[in-house]
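Structural features, examined
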Amino acid sequence: MLKEVKILKGQTLADIAIQETGELAGLFQIAFKNGISLTDDLAAGEVIQVDDLDINISELRKIRLDNVVPATAFGYVVNEEGEEPILDGIGYWSVGMDFIVL
């Protein structure tokens, strides 16, 4: 049976793996099945195949019962030029400006 999932804004391949299999291990199966890299950015509205995956039933049941829809990609801000990712975190901070080393 062919099962497809429509990507929501902010979802990564890891999010889809957890949402559809109950665990991160499904990430590898989904990437291989769809011919994409583990770290590829997914576009909202894109459709990927998720049929015939190994599933952790107990974890998937918890996710579905709690209506969890993981979406852990970068946040975005809308400005005059359109949508841009919010670049934050230690890779973007400056010593003495964003934090002080004591």
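Report follows, based on the coordinates. A quick note: this is a predicted structure, and the numbers were derived from the prediction, not measured. The residue numbers shown here count from 1 along each chain, following its written sequence. Given that this is a predicted model, residues contribute local features only at a pLDDT of at least 70 and side-chain atom pairs are listed and counted only at 80 or more, while totals for whole chains, interfaces and linings are drawn from all residues. Excluded from the side-chain calculation are hydrogens and water; included are all heavy atoms of the structure.

Helix and strand assignments follow DSSP, with helices taken as H or I runs no shorter than four residues and strands as E runs no shorter than two, numbered in order from the N terminus. Along its length, the protein carries 3 helices and 4 strands. Its helices and strands in sequence order give the protein the pattern β-α-α-β-α-β-β, from N to C terminus. We call a residue buried when its accessible area falls under 20% of the maximum for its residue type, exposed when it is over 50%, and partly exposed in between, using a 1.4 Å probe and counting protein chains only. Within the protein, buried positions represent 25% of all 102 residues. Should any heavy atoms of two residues lie within 4.5 Å, those residues are considered in contact. Looking at the protein alone, contacts between residues at least 24 apart form 61% of all its contacts between residues at least 6 apart. The protein chains shown are the only cover counted for residues, whose accessible areas, like all others here, come from Shrake-Rupley with a 1.4 Å probe. Carbon and sulfur atoms form 57% of the exposed surface of the protein, whose accessible area is close to 7,300 Å².

Looking now at the environment of Val47. By the element assignment, Val47 lies in strand S2 (residues 47-49). With a relative accessible area of 45%, Val47 lands in the partly exposed category. Counting along the chain gives 40 residues from Val47 to Ile7, while the straight-line C-alpha distance between them is 6.1 Å.

With that settled, consider the nonpolar core. With 12 residues, the main nonpolar core is built from Val5, Ile7, Leu13, Ile16, Ala17, Leu27, Ile30, Ala31, Leu42, Ile48, Val50 and Leu53. Every element with two or more residues in this core is listed here: helix H1 (13-21) and helix H2 (26-34). Not counting chain neighbours up to four residues away, the residues in contact with Leu42 comprise Ile7, Gln11, Thr12, Leu13, Ile16 and Ile36. By nonpolar core we mean a set of buried residues, namely Ala, Val, Leu, Ile, Met, Phe, Trp, Tyr and Cys, connected to one another through side-chain atoms within 4.5 Å.

Right, let's talk about the pattern of salt bridges for a bit. Counted as salt bridges are all cases of a side-chain nitrogen of Lys or Arg within 4 Å of a carboxyl oxygen of Asp or Glu. Going through the model one piece at a time under the given rule, you end up with 4 salt bridges. Each of Lys3, Glu20 and Arg64 takes part in salt bridges that share partners, so that together they form one network.

Turning our eyes to something else, we now look at the packing of H1 against H2. For any two helices packed against each other, the geometry is given by the interaxial angle and the distance between the axes. Helix axes are fitted to C-alpha atoms over the stretch in contact, other axes to C-alpha atoms as well, and angles between N-to-C directions run from 0 to 180 degrees. Where H1 meets H2, the closest approach of the two axes is 8 Å, and the angle between their N-to-C directions is 110°. For the element pair H1 / H2, the angle class is roughly perpendicular. Crossing handedness for the pair H1 and H2: right-handed. Here H1 contributes Leu13, Ala14, Ile16, Ala17 and Thr21 to the contact with H2, which in turn contributes Gly26, Leu27, Ile30 and Ala31. Each residue gets one of three labels, nonpolar for Ala, Val, Leu, Ile, Met, Phe, Trp, Tyr, Cys and Pro, charged for Asp, Glu, Lys and Arg, and polar for the others, Gly among them. Of the residues contributing to the contact of H1 with H2, the split by class is 7 nonpolar, 2 polar and no charged. Oblique is the label for every angle not falling under 35 degrees (roughly parallel), over 145 degrees (roughly antiparallel), or within 65 to 115 degrees (roughly perpendicular). Helix crossings get a hand from a simple test, with the near helix turned counterclockwise from the far one by less than a right angle marking a left-handed crossing and a clockwise turn marking a right-handed one.

Once that is clear, we can look at unusual backbone geometry. In most cases, non-glycine residues show a negative phi, while peptide bonds are predominantly trans. Backbone geometry places Asp52, a non-glycine residue, at a positive phi of 55°. Structurally, Asp52 is set in the loop between S2 and helix H3 (57-65). For Asn67, which is not glycine, the phi torsion reads 55° and is therefore positive. Of note, Asn67 is situated in the loop between H3 and strand S3 (76-79). We classify Asn67 as exposed; its relative accessible area is 65%.

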